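Notes for the structure review
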Amino acid sequence: MNNIIYYDEIATPIGPLTLCATENGLCHLEFSGFADAADTLRVWSIKHMKRDQFVRDAAALSEVVNQLKQYFSGSRHSFDLTLDMQGTPFQRAVWQALQTIPYGETNSYKSIGEKIGQPKAVRAVGGANNRNPIPIIVPCHRVIGANGAMVGFGGGLPVKHFLLDHETQHTKELQSQ
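Here's a quick rundown of the structure. Please read these numbers as outputs of a predicted model, since none were measured by experiment.

Turning our eyes to something else, we now look at the sheet that holds strand β2 (residues 15-22). Ordered by their spatial adjacency, 4 strands build an open sheet running β3-β2-β1-β4, and the pairing between neighbours is mixed. Edge positions in the sheet fall to β3 (25-30) and β4 (53-56), since each of these pairs with one other strand and no more. On average, each strand axis in the sheet is tilted by 35° relative to the strand beside it, whichever way the strands run. Looking at chain direction, β2 and β3 are connected through 5 bridges and run antiparallel. The residue bridging A21 from the neighbouring strand is L26, located in β3.

What follows is the structure in structure tokens.
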């Protein structure tokens, strides 16, 4: 294992995103450019990845960039990427369940708890959702409150609204064809 995290940036309709990967796969997505996120990323990478060197490498992240461009254009509804997500077994179970929420649909924290066999772990599911290191690709934005209310999102509620509206719009376009 080397000590490097590779990164690149992409301009999107929701602003710049910084993408980070190890030799094992995509490990983090940050809602800002690298310069603005560098300190936060270093703290995160040491704590969760046990790495502290960042090297910009567009080639290492080209497939992630390509799939995100397709997503934002409306032509991609699911991602096919190798992920390197570090977390507790519970967090990983929640993150796996998030990936089963279909494009253009939403689930509640309670529903995610039920999917992983822990229906009463609503708060813990919320905590794991909040710690998802790869938002959008692992679609934590598709989780809403049981009453249908929009609840917190690392990119901010306006970004969550944008992503859900974007997916709803492209789902309707597909259904009308």
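Counting buried positions along β2 yields 7 of 8 residues, so the element is predominantly enclosed. Summarising the sheet, strand β1 (residues 4-12) and β2 pair through 7 bridges and their orientation is antiparallel. Bridge assignment links I10 to a residue of β2, and that residue is L17. Where β1 hands over to β2, the hairpin turn is made up of 2 residues, counted between the paired strands. Once β2 ends, the chain turns through 2 residues before running back antiparallel as β3.

Our next topic: the nonpolar core. Ranked by internal contacts, the top residues of the largest apolar core, which has 37 residues, are L19, L68, L98, I136 and I137. Listing elements by their share of this core, those giving two or more residues are β1, β2, β3, α2 (62-73), α3 (89-98), α4 (109-115), α5 (122-130) and α6 (157-176). Counting residues per element, this core draws most heavily on α2, at 5 residues. Taken domain by domain, the makeup of this core includes at least three residues from each of domain 1 (4-73) and domain 2 (89-175). Setting aside anything within four residues of it in sequence, one finds L98 in contact with I112, N129, N132, V138, P139, C140 and V143.

Within this structure, the stated rule accounts for 4 salt bridges. Across the pair R56 and D8 runs a salt bridge whose closest N-O atoms are separated by 3.0 Å. Taken together, the residues span a long stretch of sequence, with R56 in strand β4 and D8 in strand β1 at a distance of 48 residues. On the accessibility criterion, R56 (46% relative accessible area) is partly exposed. For R142, the salt bridge goes to E167, with nearest N and O atoms at 2.8 Å. In this pair, R142 sits in the loop between α5 and β6 (143-144) while E167 sits in helix α6, placing the two residues 25 residues apart along the sequence. Each of the two residues, R142 as well as E167, counts as buried. Taken together, the shared-partner salt bridges connect D8, E9 and R56 into one network.

What follows deals with the environment of K160. Relative to the elements of secondary structure, K160 occurs in helix α6. A relative accessible area of 0% means that K160 is categorised as buried. Expressed as a C-alpha distance, the spacing of K160 and L19, which sit 141 residues apart in the sequence, is 18 Å. With residues up to four places along the chain from it excluded, the contact list for K160 reads C140, H141, V143, I144, M150, V151, G152 and F153.

Our next topic: the packing of α3 against α5. It is the contact of α3 with α5, at a shortest axis distance of 9 Å, that shows an interaxial angle of 80°. When the axis of α3 is compared with that of α5, the two are roughly perpendicular. Between α3 and α5, the residues in contact are F90, Q91, V94, W95 and L98 and A124, V125, A128 and N129, respectively. Split by residue class, the contact of α3 with α5 holds 7 nonpolar, 2 polar and no charged.

Conventions used here
Residues numbered from 1 in each chain as written. Predicted model: local features only at pLDDT ≥ 70, side-chain atom pairs only at ≥ 80, totals over all residues. Heavy atoms only, no water. Pairing = 2+ DSSP bridges. Helix = DSSP H or I, 4+ residues; strand = E, 2+ residues; numbered from the N terminus. Axes fitted to C-alpha atoms, helices over the stretch in contact; angles between N-to-C directions. Buried < 20%, exposed > 50% of the residue type's maximum accessible area, 1.4 Å probe, protein only. Core = buried A, V, L, I, M, F, W, Y, C linked by side-chain atoms within 4.5 Å. Domains from an automatic or database assignment. Contact = heavy atoms within 4.5 Å. Salt bridge = Lys/Arg side-chain N within 4 Å of Asp/Glu carboxyl O. Parallel < 35°, antiparallel > 145°, perpendicular 65-115°, else oblique. Nonpolar A, V, L, I, M, F, W, Y, C, P; charged D, E, K, R; others polar.

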